[in-house]
Amino acid sequence: MGFLCRPQKRNKIVRTNFVITSKIKNYLRSKRGQITFRMNFIQLLNDSTILLIKPAADSADSPILEEAGESGSEQKPKPLVKYGELVILGYNGYLPAGERGRRRSKFVLYRRPAANGVRRSKHYVVKTPHSSKAILDASQHSISYTLSRSQAVIVEYTEDPDTDMFQIGRSSESPIDFVVMDTVAGDKSGDTKVLQSTISRFACRILADRNDVNNCRIYAAGFDSSRNIFLGEKATKWTENHEIDGLTTNGVLIMHPRGDFCGGSATCGPWRETSVGGAVFSLRESRSAQQKGVPCQAETNVLRDGTMIDLCGATLLWRSAEGLKNSPTKRTLEALVDELNAGRPQCPVGLNTLVIPRKLSAAHQDLNQPYVYLHCGHVQGEHSWGAEGSEAGVRRCPMCLTAGPVVRVCMGIEPAFYVDSGPPTYAFNPCGHMASERTVKYWASVDIPHGTNGFHAICPFCAAPLQGSPGYVRLIFQDNLD
């Protein structure tokens, strides 16, 4: 086989994109131990393939083939700067129909290649807002506060090189980065369509400081495809210190936890409402009342690890990048499940080995599927014993004779909802999702907005309202962990 050898400087050379042809492979095998000189380029005759070769560090005869970047001569891409994650409550790590584009169960916020944030510039009064220059200019961000049919205040926004903007809403239009639909509580295997959504098409926006990942602020309302926000005549609005502000119809509510979310010591803080301009207020009398709440001067719209955002139909959890570093990963949770299954928990009735699933399957007749008695916590397999009266789903536990509902057990596998890395020894009532003791007790103490002015505690993995007191049960396995 013929080849050309061109000696060059003794610089460290790394091959880039190439394909090793069978001819070169065979040649190197036949000549192994005989190549004792440095060969920078091998060019096959009648072939454009280029191969870069260097000797081993121990001066062995056989050469070492290097991939691009292995030798350090080429710069590796810099890791993306992460602000945090937005996770929708009610989904155990995935959407039932699958994660599709911007429609996902969680959204990760990274620093953008180029800043796209905006900041308030100037405002003025116009008589015909829909025909004003700022509204018609598709390159101009603006907010229109309609005061009457013949008067509106236009607030123009200018580009901000120090912030990144992320928008959340129900709309699938391009300005929305994270598409959020109404969350249906409980089992989502069936038809979960909502006939009339209460989530705004352009619900809210987050401005992240490119120089400080911990400074991410949330604002009500988002800019549409024309880069405009319209607050109608009936929307709640006011003027203070020569600046105008307002609230959206159903509002954007936020709750900052008291204490550190990660660690298990946090408690539920008061729910507040954030305005279009980012001010913080106490809640209105009802979700869409005309009168705004009391200003909360001591509180800010800066997101903290564990802050919750309610969009009137879906509730999101904010996890900061720093908080996620101290939280368990999905692999950690899967290892906890494997550890429980390694103990070979048995059904005390059928004496068969139970297997705790990471994800509930459609096969309800799986003999290895564990069930928990929600009033006593005993974990057993499926059996027909102990049916109690005519009430559906009520069984009498053969271990302690306590009568109560029975539900399948499944691991809560979404790591963002965990406040620590403890073993999954507790389960929510009535859904049966397992999690650590501190995680279950934290979520049982958090009131999530429901309806126009109601609140209730839910399972973060399926959004099912918790039942009974305290809304969870300690799991009792018949295995080597007892």
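Calculation criteria
- Residues numbered from 1 in each chain as written.
- Predicted model: local features only at pLDDT ≥ 70, side-chain atom pairs only at ≥ 80, totals over all residues.
- Heavy atoms only, no water.
- Phe/Tyr/Trp six-rings, centres within 6.5 Å; stacked < 30°, edge-to-face > 60°.
- Helix = DSSP H or I, 4+ residues; strand = E, 2+ residues; numbered from the N terminus.
- Buried < 20%, exposed > 50% of the residue type's maximum accessible area, 1.4 Å probe, protein only.
- Lys NZ or Arg CZ within 6 Å of the ring centre and 35° of its normal.
- Pairing = 2+ DSSP bridges.
- Lys, Arg positive; Asp, Glu negative; His and termini not counted.
- Salt bridge = Lys/Arg side-chain N within 4 Å of Asp/Glu carboxyl O.
- Polar contact = N/O pair within 3.5 Å; in protein donor to acceptor, adjacent residues only side chain to side chain.

Caption draft 1: Layout of the packing of aromatic side chains. Considering all chains together, one arrives at twelve aromatic pairs under this definition. The interplanar angle of 75 degrees and the centroid separation of 5.9 Å between the aromatic rings of Tyr157 and Phe223 together place this pair among those described as edge-to-face. One end of the pair, Tyr157, is in strand S10 (residues 151-160); the other, Phe223, is in the loop between strand S14 (216-220) and strand S15 (228-231), with 66 residues separating them in the sequence. Overall, Phe223 belongs to the buried group, its relative accessible area being 2%. Taking 5.9 Å as the distance between ring centres and 65 degrees as the angle between the ring planes, the aromatic pair formed by Tyr426 and Tyr472 counts as edge-to-face. Taken together, the positions of Tyr426 in strand S28 (residues 426-428) and Tyr472 in strand S32 (residues 472-474) put the pair 46 residues apart, joining distant regions of the chain. Across the pair, Tyr472 and Tyr426 agree in class, each one buried. Among the aromatic side chains, those forming a connected cluster through ring pairs are Phe261, Phe417, Tyr418, Phe428, Tyr442, Trp443 and Phe461. Above the face of the Trp238 ring, Lys292 is positioned so that its terminal group lies 4.9 Å from the ring centre.

Caption draft 2: Quick peek at the sheet that holds strand S12 (residues 178-179). Taking strand neighbours across the sheet as the criterion, the four strands line up as S12-S11-S13-S14 in an open arrangement whose pairing is mixed. Of all strands in the sheet, those bounded by a partner on one side alone are S12 and S14.

Caption draft 3: A look at the side chain of Arg205. With respect to the helices and strands, Arg205 occurs in strand S13 (residues 204-209). The charged side chain of Arg205 is buried without a salt bridge, its nearest counter-charge being Asp245 at 7.5 Å. Reaching out from Arg205, the side chain makes a polar contact with the backbone oxygen of Val276 at a distance of 2.9 Å.

So far we have only geometry, and geometry alone does not tell us how the molecule works.
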